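In case you want the letters, here they are:
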Amino acid sequence: MLRVLELYCGIGGFAQASGTRARVVAAIDQSELALSVYRLNYPETPVICRNIETISTKFLRSFTPDMWWLSPPCQPYTVRGKRRDIDDPRAASLLNLIRILPEAPPLHLGMENVEGYATSRARELLLKALSISGFRVHERLICPTELGIPSRRPRYYLIASQGDLPDVEPPRPFSYPLKHFLESDPGPGLQIPRDVVDRFGKGMNTIDVTDPDAYTTCFTSSYGKALMRSGSYLYWREGVRYFSPDEIIRLLGFPRGFKWPPTMTLRKRWHLAGNSISVFALREVLRIIPHFRN
Ligand SMILES: C[S@@+](CC[C@H](N)C(=O)[O-])C[C@H]1O[C@@H](n2cnc3c(N)ncnc32)[C@H](O)[C@@H]1O
């Protein structure tokens, strides 16, 4: 079984995508909130609340991982985050991992980030460290809509390996309409007040579930806080409503039955869901490592 360190684990997108093909030997994140969700859904996995900026080579080596999976913060590479790249303090933890990499290289390494990362200095530094350590590298931009999922989330993915990365068959797309991911009773607190819709409705991306071609825009961690450019809304019973956190994570590929701590507020659930990863896209990307193929 492949031993994987899930770094910046959030609510566990990698654990979900890899299923029984990998054993997550430790899931590390600095957010207790994210880890409370992780623990509930993957009770067998050791979770560690740590700032990755401060971890050492010795600490990483102690897990004897075959693979590192990284989902570092995206703000240094977004327009909203001012694209400060490696000068942004939020890139420091990735720089620490890049420093450690040649001292303790795993067999495989994978990472995900926003499209802006593809032209960053951080990427150049990681590629250099991978090259020094003898890795082969495969990079890819992919959006779940290419796989037939009605939800946009274009992202950069990198898979690096000290073994072969043979070509893979193109994916067989799914074709699920939006309706497939929605709940008949999505729970309370989702309706948007009429006066808010009247005022801001024109700038909101509101979609109709009966439209077979409807797809959502990218949900971000600001969903529920900022109305514009943070995700889509639904025409619903004469009004407009938010997507529920369960609907959002289902569009990402998490299963029905994924659990939230019962007392966790809607806002916090939206935040964690908007920070997560498309499990559909990640499964597709991982196929390049022979171990993850069917
Ligand atoms: C883009 S999200 C990754 C989400 C994850 N892939 C998932 O499936 O939910 C980035 C995560 O990195 C964590 N994080 C950010 N900076 C960190 C640091 N310096 N050390 C540890 N975790 C950090 C955040 O708490 C957040 O959960």
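Parameters and conventions
- Residues numbered from 1 in each chain as written.
- Predicted model: local features only at pLDDT ≥ 70, side-chain atom pairs only at ≥ 80, totals over all residues.
- Pairing = 2+ DSSP bridges.
- Helix = DSSP H or I, 4+ residues; strand = E, 2+ residues; numbered from the N terminus.
- Axes fitted to C-alpha atoms, helices over the stretch in contact; angles between N-to-C directions.
- Near = placed C-beta within 6 Å.
- Nonpolar A, V, L, I, M, F, W, Y, C, P; charged D, E, K, R; others polar.
- Domains from an automatic or database assignment.
- Contact = placed C-beta atoms within 7 Å.
- Buried ≥ 20, exposed ≤ 12 C-beta atoms within 10 Å, placed from the backbone.
- Parallel < 35°, antiparallel > 145°, perpendicular 65-115°, else oblique.

Enquirer: Looking at this structure, I do not really get the sheet that holds strand 8 (residues 205–207). What am I missing?
Expert: In a beta sheet, neighbouring strands pair by backbone hydrogen bonds and run either parallel or antiparallel. Sheet architecture is open: 3 strands sit in the order 8-9-10, paired in mixed fashion. The strands lining the two open edges of the sheet, one partner per strand, are strand 8 and strand 10 (239–242). Across the sheet, the mean angle separating the axes of adjacent strands is 40° when strand polarity is ignored. Strand direction decides the pairing type here: strand 8 and strand 9 (residues 232–236), joined by 3 bridges, are parallel.

Enquirer: I keep staring at the site of the ligand and nothing clicks. Help me out?
Expert: As a structural note, the neighbourhood of the ligand is formed by 20 residues, with Tyr8, Gly10, Gly13, Ser31 and Ser71 the closest of them. Along the lines of polarity and charge, the residues of the shell around the ligand split into 8 nonpolar, 10 polar and 2 charged.

Enquirer: What is the right way to read the domain arrangement of the protein chain from this model?
Expert: The figure often quoted for interface size is the accessible area lost as the parts come together. Each domain of the protein chain was delimited in the assignment, giving domain 1 (2–168 + 277–292) and domain 2 (178–274). Distance from the C-alpha centre of domain 1 to the C-alpha centre of domain 2: 26 Å. Between domain 1 and domain 2, the residue contacts involve 19 residues of the former and 16 residues of the latter. Elements represented by at least two residues in the side of domain 1 that touches domain 2 include exactly helix 2 (32–41) and helix 9 (279–286).

Enquirer: Looking at this structure, I do not really get helix 7 (residues 245–252). What am I missing?
Expert: For helix 7, the tally of buried residues reaches 8 of 8 residues, placing the bulk of the element in the interior. Residues of helix 7 that are buried: Pro245, Asp246, Glu247, Ile248, Ile249, Arg250, Leu251 and Leu252. The inward-facing, buried residues of helix 7 contact helix 8 (266–275) and helix 9. Looking one or two places after helix 7, you find glycine 253, whose phi comes out positive at around 110°.

Enquirer: Any chance you could explain the packing of helix 7 against helix 8 here in plain terms?
Expert: If you want to describe how two helices pack, look at the angle between their axes and the distance between the axes. Relative to each other, helix 7 and helix 8 sit at 10°, their axes nearing to 9 Å. With respect to helix 8, the axis of helix 7 lies roughly parallel. The segment helix 7 lies against helix 8, with Pro245, Ile248 and Ile249 engaging Leu266, Arg269, Trp270 and Ala273. The class makeup of the residues in the contact of helix 7 with helix 8 is 6 nonpolar, no polar and 1 charged.

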